[in-house]
Amino acid sequence: MTGVPFEASGLDSYRALEAKQQPTWLDAGAVDAAVAELAAQPPLVFAGEADQLRERLAAAARGEAFLLQGGDCAETFAAATADKIRDRVKTVLQMAVVLTYGASMPVIKVGRMAGQFAKPRSSNTETRDDVTLPAYRGDLVNGYDFTPESRAADPSRMVRAYHVSASTLNLIRAFTQGGFADLRQVHAWNQGFVSNPANQRYEALAAEIDRALRFMEACGVESSALTQTEFYVSHEALLLDYERPLVRIDSRTGEPYGTSGHLLWIGERTRDLDGAHVEFLSKLRNPIAVKLGPTATVDDALRLIDRLDPDREPGRLTFITRMGAGRIRDALPPLLAGVRDAGALPLWVTDPMHGNGITSSTGYKTRRFDDVMDELRGFFEAHREVGTFPGGIHVELTGDDVTECLGGSENIDEAALATRYESLCDPRLNHMQSLELAFQVAEELKRS
Ligand SMILES: O=C[C@H](O)[C@H](O)COP(=O)(O)O
Ligand SMILES: C=C(OP(=O)(O)O)C(=O)O
Ligand SMILES: [Mn+2]
């Protein structure tokens, strides 16, 4: 894979367009240096892997597989430790087992990992008491500490993010291909998590899987599908000064790929048809996703399809809807029907998190687990109503026992939020809430 000289290809056409949600860098020379350094690095992911994911997503769009995409709202450099990465991977593997076994369907595992470092914000600034500073835009851009030095956008963070992504991805590859993801480990994945109803339900399912595996072993069945698993990485391709220098030309086909992650998505705030993000990502061969909020129209969706998937290539385009529990049953069916009637077959995924944000009386950004589950049910209902396939879920989660979302069977209440609130941006489902959600999705999938 080779790099692409700047302005030597159509890849830089986005520069003429408005790019929303970009930081104000103060030192242009430092940006140039970081960009040059990124351009000289090896790719984080390979074109063939992105192609393989595109094929898997095409199967999901046809109703033959299901996408499970999850991870932090905002990864941080400090939390890129072996234990935390392992626990997030374990949680995703456990959810995938629940879904695969419950719904008898292949599950495509995609982390919001190894690159989810840039955040779009509602406001450019944050005010505490009488001090106003730039908002935290993710570790890719600035620091969370509330000081002028930390909040200043620092281009060298882009290089650090690349290296943290590389080590995260390295560990993910080792975990998922080096024996850790062996299905005979289904029980071991649950160890270390406190005993609770979701974990007990999982244990019962793991015992059934164990029996089935012993039966297969006794029959002489051997397959690497039981001992290794595909695990892809994704993030919001928000910061264009980071994404552009990581584009490489695939030596097999001569086509450009974003090599910062397998699946790249465009957020709700940057999906303007005439904006820089749609233009830039339209040039890449990776599978692309776009978030669609409650105001998205059929026309918006069709024009995004024309821009990002003009050849209507299965698996190329995923729509991640994030309508809010109160809106999804009204807002989603017309979108599904309009797109289907136009002959397009994107993969439809639900993000039941971002339309359900609230602030607790104690000042925490949070979400009610019941609202998340309600949007999830609304997603399946909408697809049943229209006759389209509910192809996946996109969730903010962690393997840690944090207290960031309200409710769940542990019944986290407002007072409990303070116990262990660690997210620097949006609240994540903890390990148990993630498993509970997976069991619910498996039930819905069985019905669908
Ligand atoms: O993750 C999504 C957005 O970055 C986040 O919801 C924006 O949060 P804000 O409204 O606090 O800026
Ligand atoms: C910013 C995010 O979502 P959205 O673009 O849907 O608001 C996110 O996924 O963290
Ligand atoms: Mn978020």
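Owing to the predicted nature of the structure, the values given are computational and were not obtained by experimental measurement.

**A few points about the pairing of strand β4 (residues 125–128)**
Note: β4 against strand β5 (residues 131–134), 4 bridges, orientation antiparallel. Its bridge partner being in β5, Glu 126 is matched across the sheet by Leu 133.

**Let's talk about helix α1 (residues 28–39)**
With 12 residues, α1 ought to run about 16 Å at 1.5 Å a step, and its terminal C-alpha atoms sit 16 Å apart, in line with that. Burial in α1 covers these residues: Val 31, Ala 34, Val 35 and Leu 38. Considered in projection along α1, the buried side chains sweep an arc of 100 degrees and stay on one side of the axis. Packing partners of the buried residues in α1 comprise α5 (156–177), α8 (240–243) and β7 (247–249).

**Concerning the UniProt feature "binding site: Mn(2+)" (unreviewed entry) in the protein**
The residues that UniProt annotates with the feature "binding site: Mn(2+)" (unreviewed entry) are Cys 73, His 354, Glu 396 and Asp 426. These residues run over 354 residues, yet every pair of their C-alpha atoms falls within 10.0 Å of each other. In this fold, His 354 is placed in the loop between β12 (347–350) and β13 (357–359). Ignoring any residue separated from it by four or fewer positions in sequence, one finds His 354 in contact with Arg 112, Lys 291, Arg 322, Arg 367, Glu 396 and Asp 426. Here Glu 396 takes part through its side chain, which lies 2.8 Å from a polar atom of the side chain of His 354. Positionally, Glu 396 belongs in strand β15 (residues 392–396). Here Glu 396 falls in the buried class, since its relative accessible area comes to 0%. Those residues in contact with Glu 396 that lie beyond four places of it in its chain are Gly 71, Cys 73, Arg 112, Met 353, His 354, Arg 367, Asp 426, Pro 427, Arg 428 and Leu 429.

**Some points on the packing of aromatic side chains**
By the definition in use, this model includes 7 aromatic pairs. Look at Tyr 14 and Phe 280: their rings are 5.1 Å apart centre to centre, the planes differ by 65 degrees, and that puts the pair in the edge-to-face class. Of the two residues, Tyr 14 sits in the loop between β1 (2–3) and α1 while Phe 280 sits in helix α9 (residues 276–282), which places them 266 residues apart along the sequence. Judged by relative accessible area, Phe 280 falls into the buried class, the value being 1%. Pairing Tyr 364 with Tyr 421 gives two aromatic rings, centres 4.8 Å apart and planes at 35 degrees, and the pair type is tilted. Taken as a pair, Tyr 364 in the loop between β13 and β14 (365–367) and Tyr 421 in the loop between β15 and α13 (431–447) lie far apart in primary sequence, 57 residues in all. A cation over an aromatic ring shows up here: Arg 128 above the ring of Tyr 144, its NZ or CZ 6.0 Å from the ring centre.

**Points about the coordination of the manganese ion (ligand 3)**
Only Cys 73 (SG), His 354 (NE2), Glu 396 (OE) and Asp 426 (OD) from the protein coordinate the manganese ion (ligand 3), and they sit 2.1 to 2.5 Å from it. Seen from the manganese ion (ligand 3), its 6 donor atoms lie at angles of 71 to 170 degrees, and the figure they make is irregular. Counting residues between consecutive donors of the manganese ion (ligand 3) along the chain gives the motif C-x280-H-x41-E-x29-D. Note that His 354 is positioned in the loop between β12 and β13 and Glu 396 in strand β15, a separation of 42 residues in sequence. Of the two residues, His 354 and Glu 396, neither departs from the other in class, the shared state being buried.

**A word on the UniProt feature "binding site: phosphoenolpyruvate" (unreviewed entry) in the protein**
Per the UniProt record, "binding site: phosphoenolpyruvate" (unreviewed entry) is annotated on Arg 112, Glu 268, Arg 269, Lys 291 and Arg 322. Tracing the backbone through its elements, the reader meets Lys 291 in strand β10 (residues 288–292). We classify Lys 291 as buried; its relative accessible area is 6%. When sequence neighbours within four positions are dropped, the list of residues in contact with Lys 291 reads Arg 112, Trp 265, Ile 266, Gly 267, Glu 268, Arg 271, Ile 320, Arg 322, Asp 351, His 354 and His 394. Residue Arg 322 is classed as buried on the basis of its relative accessible area, which comes to 11%. If sequence neighbours within four positions are ignored, Arg 322 has contacts with Glu 268, Lys 291, Leu 292, Gly 293, Pro 294, Asp 351, His 354, Gly 355 and Glu 375.

**Things to note about the site of ligand 2**
Around ligand 2 lies a shell of 13 residues, among which Arg 112, Lys 119, Glu 268, Lys 291 and Arg 322 are the nearest. His 354 has a polar side-chain atom sitting 3.0 Å from an oxygen atom of ligand 2. Relative to its free-state accessible area of 300 Å², ligand 2 is covered by the protein chains to the extent of 98%.

**Here's the deal with the site of ligand 1**
In the vicinity of ligand 1, the contacting residues are Cys 73, Lys 119, Pro 120, Arg 121, Ser 122, Arg 269, His 354, Lys 365, Cys 425 and Asp 426. At 2.6 Å, a backbone N or O of Pro 120 approaches an oxygen atom of ligand 1. Between ligand 1 and the protein, one listed contact pairs an oxygen atom with a side-chain N or O atom of Lys 365 at 2.7 Å. Protein burial of ligand 1: of its 340 Å² of free accessible surface, 83% is covered by the chains. Taken together, the residues of the shell around ligand 1 sort by class into 3 nonpolar, 2 polar and 5 charged.

**Section: the sheet that holds strand β2 (residues 66–71)**
Strands sit in the order β2-β3-β6-β9-β10-β11-β12-β15 around a closed barrel of 8 strands; the barrel is parallel. Between one strand and the next, the sheet's axes are offset by a mean angle of 25 degrees, whatever the strand orientation. Across 2 bridges, the pairing between strand β3 (residues 107–112) and strand β6 (residues 232–236) is parallel. Looking at β6, one finds that Val 110 is bridged to Tyr 232. Each of β2, β3 and β15 is contacted by helix α3 (residues 82–103), which is oriented at about 155 degrees to β2, the strand it contacts most.

**Notes on helix α10 (residues 298–308)**
Buried residues of α10: Ala 301, Leu 304, Ile 305 and Leu 308, and no others. For α10, the angular spread of buried residues about the axis comes to 105 degrees, placing them on one side. Contact partners of the buried residues in α10: β9 (263–266), α9, β10, β11 (317–321) and α11 (328–341).

What counts, and where the lines are drawn
Residues numbered from 1 in each chain as written. Chains lettered and ligands numbered in written order. Predicted model: local features only at pLDDT ≥ 70, side-chain atom pairs only at ≥ 80, totals over all residues. Heavy atoms only, no water. Pairing = 2+ DSSP bridges. Helix = DSSP H or I, 4+ residues; strand = E, 2+ residues; numbered from the N terminus. Expected span 1.5 Å × (residues − 1). Buried < 20%, exposed > 50% of the residue type's maximum accessible area, 1.4 Å probe, protein only. Arc of directions from axis to C-beta. Contact = heavy atoms within 4.5 Å. UniProt positions renumbered as here; feature names shortened; annotations may be inferred. Polar contact = N/O pair within 3.5 Å; in protein donor to acceptor, adjacent residues only side chain to side chain. Phe/Tyr/Trp six-rings, centres within 6.5 Å; stacked < 30°, edge-to-face > 60°. Lys NZ or Arg CZ within 6 Å of the ring centre and 35° of its normal. Donors = N, O, S within 2.8 Å, 3.2 Å for Na, K, Ca; no water. Tetrahedral: all angles 85-135°; square planar, octahedral: opposite > 155°, others 65-115°. Near = heavy atom within 4 Å. Areas by Shrake-Rupley, 256 points an atom, 1.4 Å probe, with all protein chains shown as cover. Nonpolar A, V, L, I, M, F, W, Y, C, P; charged D, E, K, R; others polar. Axes fitted to C-alpha atoms, helices over the stretch in contact; angles between N-to-C directions.

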